Amino acid sequence: MRYPQGGGLTAERQAFRERVRMEAVAMFTDGRGSTEIAKELRVSVRSVQRWRRSWREVGQDAVRSRGPASRPKLNDRLFAVLEEELAKGPAAHGWPDQRWTLARIKTLIGRRFHKSMTLSGISQMLRRHGWSHQVPARRAVERDEAAVAGWVKDVWPHVEPPRRHSGPGSSLRTRPDSR
């Protein structure tokens, strides 16, 4: 389907969605078929059929978007409080390092607001409010390249499982030759 379910759309996307539905209504009045309309508007045929049925039964107002399917768990006022808490940093909330992970934000929301959200829901909420995931711009100053090279040379071969060597045998896994 072209549009995500469950709301969470920006005002621009909601307006775009409304325009698509109204274009479909104009095509209904022209007598065009559902498949043709779906192809032109890049939506599913099923959506066009549902819109057409609503349009026939009630009229143009039935096709209009009713807005998001649900209200956000954190309104703008609560999200502002969450931003203040995030600005304090993870250390202020008991975590040993300075990384905000989705799991930590979920825990913070649970502790502070007594609400439960999924990790994907938190990610979508943060993106809607202009937040993005963090990626380090450069390597850590504390990184010791010699220690890393030594670990890769000495420890990694013992941690990594040995590879199977190809050789003669049977292609059937149940035969002893395949082991």
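Not measured: the values here are computed from a predicted model. (Residues numbered from 1 in each chain as written. Predicted model: local features only at pLDDT ≥ 70, side-chain atom pairs only at ≥ 80, totals over all residues. Heavy atoms only, no water.)

1. Focus: the pattern of salt bridges
For step 1, the next point in the chain: In this structure the tally under the stated criterion is nine salt bridges.
For step 2, the next point in the chain: Residue Lys88 pairs with Glu85 through a salt bridge whose shortest N-O separation is 3.3 Å. Residue Lys88 and its partner Glu85 are both found in helix α5 (residues 76–88); the two are separated by three residues, about one turn of the helix.
For step 3, the next point in the chain: Here Lys88 falls in the exposed class, since its relative accessible area comes to 52%.
For step 4, the next point in the chain: The partner of Arg99 in a salt bridge is Asp97, with the nearest N and O atoms 2.7 Å apart. (Salt bridge = Lys/Arg side-chain N within 4 Å of Asp/Glu carboxyl O. Helix = DSSP H or I, 4+ residues; strand = E, 2+ residues; numbered from the N terminus. Buried < 20%, exposed > 50% of the residue type's maximum accessible area, 1.4 Å probe, protein only.)

2. Structural notes on unusual backbone geometry
Note: most residues except glycine have negative phi, and most peptide bonds are trans.
For step 1, the next point in the chain: Phi at Arg42 takes a positive value of approximately 60°, unusual for a residue other than glycine.
For step 2, the next point in the chain: If you trace the backbone, Arg42 turns up in the loop between α2 (34–41) and α3 (45–57).
For step 3, the next point in the chain: For Arg42, a relative accessible area of 61% translates into the label exposed.
For step 4, the next point in the chain: In the Ramachandran plot, His114 falls in the positive-phi region, its phi being about 55° despite a non-glycine side chain.
For step 5, the next point in the chain: On the secondary structure map, His114 appears in the loop between α6 (102–113) and α7 (119–128).
For step 6, the next point in the chain: Classification of His114 as exposed rests on a relative accessible area of 69%.

3. Observations concerning the packing of aromatic side chains
For step 1, the next point in the chain: The full count for this structure, using the stated rule, is three aromatic pairs.
For step 2, the next point in the chain: Between the aromatic rings of Phe28 and Trp55, the centroid separation amounts to 5.3 Å while the plane-to-plane angle is 40°, which identifies the pairing as tilted. Residue Phe28 is located in helix α1 (residues 11–29), and its partner Trp55 is located in helix α3; the two are separated by 27 residues in the primary sequence.
For step 3, the next point in the chain: The buried category is assigned to Phe28, whose relative accessible area is 4%. (Phe/Tyr/Trp six-rings, centres within 6.5 Å; stacked < 30°, edge-to-face > 60°.)

4. Focus on the environment of Ser120
For step 1, the next point in the chain: For Ser120, the location among the structural elements is in helix α7.
For step 2, the next point in the chain: Among the residues examined, Ser120 registers a relative accessible area of 46% and is labelled partly exposed.
For step 3, the next point in the chain: Between the C-alpha atom of Ser120 and that of Leu102, which follows or precedes it by 18 residues, the distance is 8.5 Å.

5. Section: the confidence of the model for the chain
Detail in the predicted coordinates should be disregarded across regions flagged by low pLDDT.
For step 1, the next point in the chain: On average, residues of the chain score 82 in pLDDT, and 82% of them reach the 70 mark or higher.
For step 2, the next point in the chain: When pLDDT is averaged over each element of the chain, α6 comes out on top at 93 and helix α9 (residues 156–159) at the bottom at 82.
For step 3, the next point in the chain: Contacts for the low-pLDDT stretch residues 1–7, under 50 throughout, to residues beyond four places or in other chains number 18 contacts. (pLDDT = per-residue confidence, 0-100. Contact = heavy atoms within 4.5 Å.)

6. Some thoughts on α6
For step 1, the next point in the chain: Along its 12 residues, α6 runs 16 Å from first to last C-alpha, staying within 8% of the 16 Å computed at 1.5 Å per residue.
For step 2, the next point in the chain: Within α6, the full set of buried residues consists of Arg104, Ile105, Leu108, Ile109 and Phe113. Seen along its axis, α6 keeps its buried residues to an arc of 140°; they face one direction.
For step 3, the next point in the chain: Each element contacted by the buried residues of α6 is listed here: α5 and α7.
For step 4, the next point in the chain: His114 occupies a position one or two residues after α6 and carries a positive phi of about 55°. (Expected span 1.5 Å × (residues − 1). Arc of directions from axis to C-beta.)

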